[in-house]
Amino acid sequence: MLEVHGLVAGYGANAVLEDVTVQIGSGKLVGLLGANNAGKSTFINCLSGIVLARAGRILFEGEDITCMSPKARVERGIIQVPEGRLVFPDMTVRENLLLGGFNGTAKPHRTKRIAEVLELLPRLQERLEQPAGTMSGGEQQMLAIGRGLMAGPRLLMLDEPSLGLAPRFVQYIFEIIDRLHAEGLTVLLVEQNLNLTLRHADYCYVLERGRLVVEGTSAHVKDDPRTKSAYLGL
């Protein structure tokens, strides 16, 4: 479904990603791991079109999207749930969800999709008219995922979904991710939490200082000494 070849990207004069190559098959749950400042968010922002590639190619379902606008990528089903949730705090839960389905491809299906999101995330049903900023961090993460689902993703990219959440909410969020994966949705999980990701992903990539240092099944990545080096600098 997604192929990234030799991706180079950065900010100003600083290169963050160097020669990154990743493949994500349809229906797979793939983890992208690494410590802080490894380049994980830059990578996911390149896929969304927020950060432009300096070199390399990004193919989605065989189409070259390397220079495509963020709007066009969203309309093709490449959806990012951002780090820190970034819900609109003064808007209600309902309004946040409806905004998620505002692109031209998704808008005709908003009524159907909001019902599906509320079935998946019943806590949002209880808070539909509540301002999003008054909810807990875990509830806002549910809303951020629900808003992403409203866009009709073919590839759902989750950037640090466990960040700052209480353990019970982390467990619940990963149950949701597992359910979406079981239903056939392709998921890219960008996470700092090594053990959680290895427990849930089909395949993982490990970034260190902008370069891929390990890739493989969860068992392989867990046992590779380079994974420990990438996280602990050993």
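It should be noted that the structure appears before, not after, this text.
Criteria and cut-off values
Residues numbered from 1 in each chain as written. Predicted model: local features only at pLDDT ≥ 70, side-chain atom pairs only at ≥ 80, totals over all residues. Heavy atoms only, no water. Helix = DSSP H or I, 4+ residues; strand = E, 2+ residues; numbered from the N terminus. Rg over C-alpha atoms; globule rule 2.2 N^0.38 Å. Buried < 20%, exposed > 50% of the residue type's maximum accessible area, 1.4 Å probe, protein only. Contact = heavy atoms within 4.5 Å. Areas by Shrake-Rupley, 256 points an atom, 1.4 Å probe, with all protein chains shown as cover. Lys, Arg positive; Asp, Glu negative; His and termini not counted. Charge placed at Lys NZ, Arg CZ, Asp CG, Glu CD. Salt bridge = Lys/Arg side-chain N within 4 Å of Asp/Glu carboxyl O. Core = buried A, V, L, I, M, F, W, Y, C linked by side-chain atoms within 4.5 Å. Disulfide = S-S within 2.5 Å. Pairing = 2+ DSSP bridges. Axes fitted to C-alpha atoms, helices over the stretch in contact; angles between N-to-C directions. Arc of directions from axis to C-beta.

On to the overall build of the protein, then. Looking only at helices and strands, one finds 10 helices and 10 strands in the protein. Computed over its C-alpha atoms, the radius of gyration of the protein comes to 17 Å, within 12% of the 17 Å expected for a compact globule of 234 residues. Based on the C-alpha atoms only, the size of the protein along its principal axes is roughly 50 × 40 × 35 Å. Split into buried and exposed, the 234 residues of the protein put 52% on the buried side. Excluding contacts between residues fewer than 6 apart, the proportion of contacts in the protein whose partners are at least 24 apart in sequence is 69%. Approximately 10,700 Å² of the protein is accessible, and the part contributed by carbon and sulfur atoms is 52%. Distance between charge centroids for the protein: 2 Å, based on 25 positive and 26 negative side chains.

Note on pairing: side chains with opposite charge can pair once their charged atoms come close. Summed over the entire model, instances satisfying the criterion amount to 13 salt bridges. With a closest N to O distance of 3.3 Å, aspartate 64 and arginine 57 form a salt bridge. Under the relative-accessibility criterion, arginine 57 is labelled partly exposed at 43%. The structure contains a network of salt bridges with shared partners spanning Arg123, Glu126, Arg127 and Glu139.

Among the nonpolar cores identified, the biggest contains 44 residues, and Leu97, Leu124, Leu143, Leu149, Leu156, Leu158 and Ile177 are the most heavily contacted of them. By residue number, the principal contributor to this core is helix H7 (residues 167-182), which donates seven residues. Within the second largest apolar cluster, 28 residues are counted, among which are Val4, Val20, Val30 and Leu47.

Bringing the environment of histidine 5 into the picture now. Mapped onto the elements, histidine 5 comes out in strand S1 (residues 2-11). Spatially, the C-alpha atom of histidine 5 lies 27 Å from that of leucine 180, the residues being 175 residues apart in sequence.

It is worth spelling out the state of the cysteines at this point. According to the stated counting rule, one finds zero disulfides in the structure shown. With no disulfide of its own, cysteine 46 has cysteine 67 as its nearest cysteine by sulfur position, at a separation of 11 Å. We classify cysteine 46 as buried; its relative accessible area is 1%.

For the rest of this paragraph, the subject is the sheet that holds strand S7 (residues 155-159). The strand order S6-S7-S8-S3-S9-S10 describes an open sheet built from six strands, whose pairing is mixed. Strands at the two margins of the open sheet, each flanked by one partner only, are strand S6 (78-81) and strand S10 (211-216). The sheet shows a mean angle of 20 degrees between the axes of neighbouring strands, taken without regard to direction. Pairing of S7 with strand S8 (residues 186-191) involves five bridges; the strand directions are parallel. Residue pairing in the sheet places aspartate 159 in a bridge with valine 190 of S8. Taken strand by strand, helix H6 (residues 137-150) contacts S6 and S7, and its axis lies near 170 degrees from that of S6. Set on the sheet, H7 makes contact with strand S3 (29-33), S7 and S8; between it and S8 the angle comes to about 150 degrees.

Okay, helix H4 (residues 110-120) next. Residues Arg113, Ile114, Val117, Leu118 and Leu120 constitute the buried set of H4. On an axial view of H4, the arc spanned by its buried residues comes to 160 degrees, and they lie on one face. In H4, the exposed positions that point more than 90 degrees away from the buried face belong to Thr111 and Lys112. Among the structural elements, helix H3 (93-100), helix H5 (122-126), H6 and H7 are those in contact with the buried residues of H4.

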